[in-house]
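# Structural features, examined
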Amino acid sequence: MKKKAIWGLMMTMGLLTACSMADTTNKNAEAAESVENEVKEETANTEETESEDSEVKEPADNAYAEAIAEETSVSEEATEAAEEDAKEERVPTAEIGEHVLPKYTNLRTDEAGTIEHISYTGHDYAGDGSEITKEANVYLPPNYDAEKKYNLMILLHGIGGNEDEWGLTKTTSRVKAIMDNLTYYGDIEPFIVVTPNGRAGADNSKDTNKIDSFYKFGEELRNDLIPYMDSHYATYGEYSEDGYDLSAARAHRAIAGLSMGGMQTINIGLDECNDIFGYFGAFSAAPTSNPATKTASILEDCEYPIYYMYNICGLQDRIAYQSSSAAAKNLPSLSDKFTEGENFMWQELDGGHDFHIWYLGFYNFAQIAFKHDEENMN
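Residues numbered from 1 in each chain as written. Predicted model: local features only at pLDDT ≥ 70, side-chain atom pairs only at ≥ 80, totals over all residues. Heavy atoms only, no water.

### So, the pairing of strand β6 (residues 279–283)
Heads up, the condition is: For each residue, the accessible area found with a 1.4 Å probe, counting protein chains only, is set against the maximum for its type, and the residue is called buried under 20%, exposed over 50%, and partly exposed in between. Helix numbering and strand numbering both begin at the N terminus, where a helix is a DSSP run of H or I of at least 4 residues and a strand a DSSP run of E of at least 2. The pairing criterion is simple: DSSP has to find at least two bridges between the two strands. Here is how to tell: hold the view so the strands point away, follow the path from the first strand over the helix to the second, and if it runs clockwise the crossover is right-handed.
The element β6 is largely enclosed, with a buried count of five among its five residues. Burial along β6 is two-sided: Tyr-279, Gly-281 and Phe-283 and Phe-280 and Ala-282, pointing in opposite directions, are all buried. Of the strand pairs in this sheet, strand β5 (residues 253–258) and β6 are connected by five bridges, and their pairing is parallel. Of the residues in β6, the one forming a bridge with Ala-256 is Gly-281. Handedness of the crossover joining β5 and β6 through helix α6 (residues 260–270): right-handed.

### Quick look at the nonpolar core
The cut-off we apply is this: By convention a nonpolar core is built from buried Ala, Val, Leu, Ile, Met, Phe, Trp, Tyr and Cys residues, the set being connected through side-chain atoms within 4.5 Å.
By size, the foremost hydrophobic cluster in this structure holds 46 residues, and its most contacted members are Ile-154, Met-229, Phe-277 and Met-309. Examining the composition of this core, we find that six residues originate from one element, helix α5 (residues 217–232), more than from any other. Judged by nonpolar contacts, the second largest core, of 40 residues, contains Met-179, Tyr-185, Tyr-279 and Leu-349.

### Considering the environment of Asp-336
Note on placement: Asp-336 falls in the loop between α9 (331–334) and β8 (344–349). Residue Asp-336 is classed as exposed on the basis of its relative accessible area of 72%.

### Overview of the sheet that holds strand β7 (residues 308–314)
Formally: All axes are obtained by fitting lines to C-alpha atoms, using only the stretch in contact for helices, and the reported angles, taken between N-to-C directions, cover 0 to 180 degrees. Any two residues having at least one pair of non-hydrogen atoms within 4.5 Å are treated as being in contact.
Strand order in this open sheet of eight strands is β1-β2-β4-β3-β5-β6-β7-β8, and the pairing throughout is mixed. Only two strands of the sheet have a single partner each, and these edge strands are β1 (114–123) and β8. Taken over all neighbouring pairs, the strand axes of this sheet differ in orientation by 20 degrees on average, direction set aside. Relative to β5, strand β3 (residues 151–156) runs parallel, the two sharing five bridges. Bridge assignment links Leu-152 to a residue of β5, and that residue is Arg-253. Sitting on the sheet, α5 touches β1, β2 (131–140), β3, β4 (191–196) and β5, and the angle it makes with β1 is about 130 degrees.

### Concerning the packing of aromatic side chains
The following threshold applies: Pairing of aromatic side chains here covers Phe, Tyr and the six-membered ring of Trp, requires ring centres within 6.5 Å, and sorts the geometry by plane angle: under 30 degrees stacked, over 60 edge-to-face, intermediate tilted.
Summed over the entire model, instances satisfying the criterion amount to 20 aromatic pairs. Ring geometry for Phe-355 against Trp-358: centres 5.0 Å apart, planes inclined by 80 degrees, an arrangement best described as edge-to-face. Of this pair, Phe-355 and Trp-358 both sit in helix α10 (residues 355–368), three residues apart, which is roughly one turn of the helix. Taking the centre distance of 5.0 Å and the plane angle of 45 degrees together, the rings of Phe-355 and Tyr-359 count as tilted. Of the two residues, Phe-355 and Tyr-359 are both situated in helix α10; the distance of four residues between them amounts to about one turn of the helix. Residue class for Phe-355 comes out buried when judged on its relative accessible area of 1%. Site record: aromatic cluster; members linked through ring pairs are Trp-166, Phe-283, Tyr-310, Phe-355, Trp-358, Tyr-359, Phe-362 and Phe-365.

Structure, rendered in structure tokens:
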């Protein structure tokens, strides 16, 4: 696809955000589907290799090139040797930067977390509202203790993925390795990660045409997924069958996602559900993301503090750079809810629309979330 055609499509989609709220969902859905079809031509047969300890491939049948290949296992001996070398050389702790340090992608055999696959009752919010069964994957930190309380991060996939797209399904998971090592080296306090299917509808398969179900996901977060997590895991949410105040634990919840999941982080997490989330991470936010002017307007009368908003996008990302930057880059100049360097970060660097950027985004955001001054968390 020619560059002018892509940017022309992005400009057209940018205009959609000026439509009335009544038309937004349908037009966003049509725009997202249009982009998906266009990008298929652009990404067909594309393949990239990551040179650390795993391989990341971009399959031709995925619109946003967002699928993870099987990760290569790292032997126990190699992992232990790398850890000993790191300790002896006193390798600096993790920093917010432009690379995931290799020691944070080594697979751990000790002090390792666990992965659970869950099913919970959701609703067909994009349809008739009937009950449906939804699935998700949950990362629990090393030595998880049901008697403690843990922060919770919702991590969302892209338009061509599902709850498995982040690879949180196996012991070789890159997300799991990053979490295990950040915890082991003391860079973060342990927290729970859940990767759900971000389509709030009965038709939630990867190849569904029901794109509008992405825009209904806020209802599932509020009514189904978070109550399930609060009732089944040791979170800060004080769950009650008779109903409870989800906002009371917002300082202990974060939402983040790649591409379409980045759109959901902005449109749904930040603009719609800021009463239940305090931290937001948008990685290559998709073309139907609300522009910064709209977000600033929505948040003008917001009574809740934004503890942190982190954004990342590749400079060569022809799918999402324009939409992502339009959605977030200038937020500090448009809203007093954001201050660069205090509770806001826009990061752009060489890269495309792929997991090289998204893993880095997760790695950086994992270190930002839940670290705001606790005196302000009330």
